[in-house]
Amino acid sequence: MELELNKIQLDWNELLKSEFEKDYIKDIFEFLEKEKKNNKTIHPIDKDIFSAFKYCPLKDIKVVIIGQDPYHGENQAHGLAFSVLPGVKIPPSLRNIYKELSTDMNCEPVSHGYLESWAKQGVLLINNILTVEQSLANSHKKIGWQQFTDRVVSILNDQCSGLVFILWGGHAQKKGKGIDQKKHLVIEGHHPSPLSSYRGFFGSKPFSKTNTYLKSINKKPIDWQLPELSKESSGEYTQLSF
């Protein structure tokens, strides 16, 4: 399985290189290869598993949003938590995130679920588990990914300061138990899924709280307004500002 390490930002590449040499990671990739040989469809595709690290050098990260596992529908997952590629229907959880964005930050709704512009501003969108079998949510929860993402959170906690960790739901909050709240801001809340969003997600204002904190430590706030996308004649999507 091609690790695509050349597509990971250099600082992450150096920090995670030793992790990729550990037996548990080798076991994960052997499992994924075996599943594909058995005609199982795995999401995201190999080259996108570590996409979150492609956009966010460690030195530029300001915000960390932790999801549970990738979307399990066809063509949805592409390595950024909660995000889907252009042209894919916006999933319910992301639609609820957009609703909260609208009331919290007065952000205009967009017709897509592609969160690349957040990632490029230093928002690390990472799932606790990095792969999933198609149509089987949380199907890879026991193959070892949590050890890898625990290491990622540990690096963020130890080597950075002034990060905002947005932890929606029990899985993300458990992941963030060891975060040093003297160094970082931790925002906990209900998950944006339709099952829990009305229990406290709506009205929680995580985006404005994030920007207030970033401004207080002299960091540039996140522009949460997503750009609309236009499909050019070449078939490639480009971002357009409002």
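Scope of this entry: the structure provided in the associated data block. (Residues numbered from 1 in each chain as written. Predicted model: local features only at pLDDT ≥ 70, side-chain atom pairs only at ≥ 80, totals over all residues. Heavy atoms only, no water.)

1. Quick look at the sheet that holds strand 3 (residues 123-127)
Whether parallel or antiparallel, the strands of a sheet pair through hydrogen bonds between backbone atoms.
For step 1, the next point in the chain: The strand order across the open sheet built from four strands is 3-2-5-6, with neighbouring strands paired in parallel fashion. Strands with a single pairing partner mark the edges of an open sheet, and in this sheet they are strand 3 and strand 6 (185-189). Neighbour to neighbour, the strand axes of the sheet diverge by 15° on average, direction disregarded.
For step 2, the next point in the chain: When strand 2 (residues 63-67) meets strand 3, the two strands line up parallel, connected through five bridges. Among the inter-strand pairings, V63 is bridged to a residue of strand 3, identified as V123. (Pairing = 2+ DSSP bridges. Helix = DSSP H or I, 4+ residues; strand = E, 2+ residues; numbered from the N terminus. Axes fitted to C-alpha atoms, helices over the stretch in contact; angles between N-to-C directions.)

2. What to know about the environment of H112
For step 1, the next point in the chain: Along the polypeptide, H112 turns up in the loop between helix 4 (92-105) and helix 5 (116-120).
For step 2, the next point in the chain: Residue classification places H112 among the buried positions, given a relative accessible area of 5%.
For step 3, the next point in the chain: Counting along the chain gives 87 residues from H112 to I25, while the straight-line C-alpha distance between them is 33 Å.
For step 4, the next point in the chain: Setting aside anything within four residues of it in sequence, one finds H112 in contact with I90, Y98, P227, E228 and L229. (Buried < 20%, exposed > 50% of the residue type's maximum accessible area, 1.4 Å probe, protein only. Contact = heavy atoms within 4.5 Å.)

3. Quick notes on the packing of helix 2 (residues 23-37) against helix 6 (residues 145-159)
For step 1, the next point in the chain: It is at 9 Å that the axes of helix 2 and helix 6 come closest, and there the two elements cross at 135°. When the axes of helix 2 and helix 6 are compared, the pair comes out oblique. Crossing of helix 2 against helix 6: the hand is left-handed. When helix 2 is examined against helix 6, the residues Y24, I25, I28, F29 and L32 are found in contact with a partner set consisting of W145, Q147 and F148.
For step 2, the next point in the chain: Looking at side-chain class alone, the contact of helix 2 with helix 6 contains seven nonpolar, one polar and no charged residues. (Parallel < 35°, antiparallel > 145°, perpendicular 65-115°, else oblique. Left-handed = near helix turned anticlockwise from the far one by under 90°. Nonpolar A, V, L, I, M, F, W, Y, C, P; charged D, E, K, R; others polar.)

4. As for the nonpolar core
It is characteristic of soluble globular proteins that their nonpolar side chains tend to be buried jointly.
For step 1, the next point in the chain: Residues W12, F50, W118, W145, F148 and L156 are the most contacted members of the largest nonpolar core, which totals 71 residues.
For step 2, the next point in the chain: Counting residues per element, this core draws most heavily on helix 6, at six residues.
For step 3, the next point in the chain: Filtering out sequence-adjacent residues up to four positions away, W118 remains in contact with I97, L101, V123, L125, F207, D223, W224 and L226. (Core = buried A, V, L, I, M, F, W, Y, C linked by side-chain atoms within 4.5 Å.)

5. Quick look at helix 1 (residues 10-20)
For step 1, the next point in the chain: Among all positions of helix 1, only W12, N13, L16, E19 and F20 are buried. The buried residues of helix 1 occupy an angular sector of 115° when the element is viewed end-on, so they sit on one face. Residues of helix 1 that are exposed and point more than 90 degrees away from the buried face comprise L10 and E14.
For step 2, the next point in the chain: Where helix 1 is buried, its residues contact helix 2, helix 3 (51-55), strand 3 and helix 6. (Arc of directions from axis to C-beta.)

6. Here's the deal with the packing of aromatic side chains
For step 1, the next point in the chain: This model, assessed by the stated rule, comprises 18 aromatic pairs.
For step 2, the next point in the chain: On the basis of an interplanar angle of 65° and a centroid distance of 6.4 Å, the ring pair of F29 and F50 is categorised as edge-to-face. Of the two residues, F29 sits in helix 2 while F50 sits in the loop between strand 1 (42-43) and helix 3, which places them 21 residues apart along the sequence.
For step 3, the next point in the chain: Centroid distance W118 to F207: 6.3 Å. Interplanar angle 50°. Geometry classified as tilted. Here W118, found in helix 5, pairs with F207, found in helix 8 (residues 206-216); they are 89 residues apart in sequence, far enough to count as distant. The exposure classification of W118 matches that of F207, with both residues buried.
For step 4, the next point in the chain: One aromatic cluster in this structure is built from F82, W118, W168, Y198, F201, F202, F207 and W224. (Phe/Tyr/Trp six-rings, centres within 6.5 Å; stacked < 30°, edge-to-face > 60°.)

7. Thoughts on the pairing of strand 2
The side chains of a regular strand alternate between the sheet's two faces.
For step 1, the next point in the chain: The buried fraction of strand 2 is high, at five of five residues.
For step 2, the next point in the chain: What you see with strand 2 is no split at all: V63, I65 and G67 on one side and V64 and I66 on the other are buried throughout.
For step 3, the next point in the chain: The pairing of strand 2 with strand 5 (residues 164-168) spans four bridges and is classified as parallel. Directly across from V63, in strand 5, lies its bridge partner V164.

8. Digging into the pattern of salt bridges
For step 1, the next point in the chain: In total, this model carries eight salt bridges according to the counting rule given.
For step 2, the next point in the chain: Between K40 and E35 there is a salt bridge, with the nearest N and O atoms lying 3.4 Å from each other.
For step 3, the next point in the chain: For K40, a relative accessible area of 32% puts it in the partly exposed group.
For step 4, the next point in the chain: For E35, a relative accessible area of 11% gives the class buried.
For step 5, the next point in the chain: Each of E33, K36 and D46 takes part in one network of salt bridges that share partners. (Salt bridge = Lys/Arg side-chain N within 4 Å of Asp/Glu carboxyl O.)

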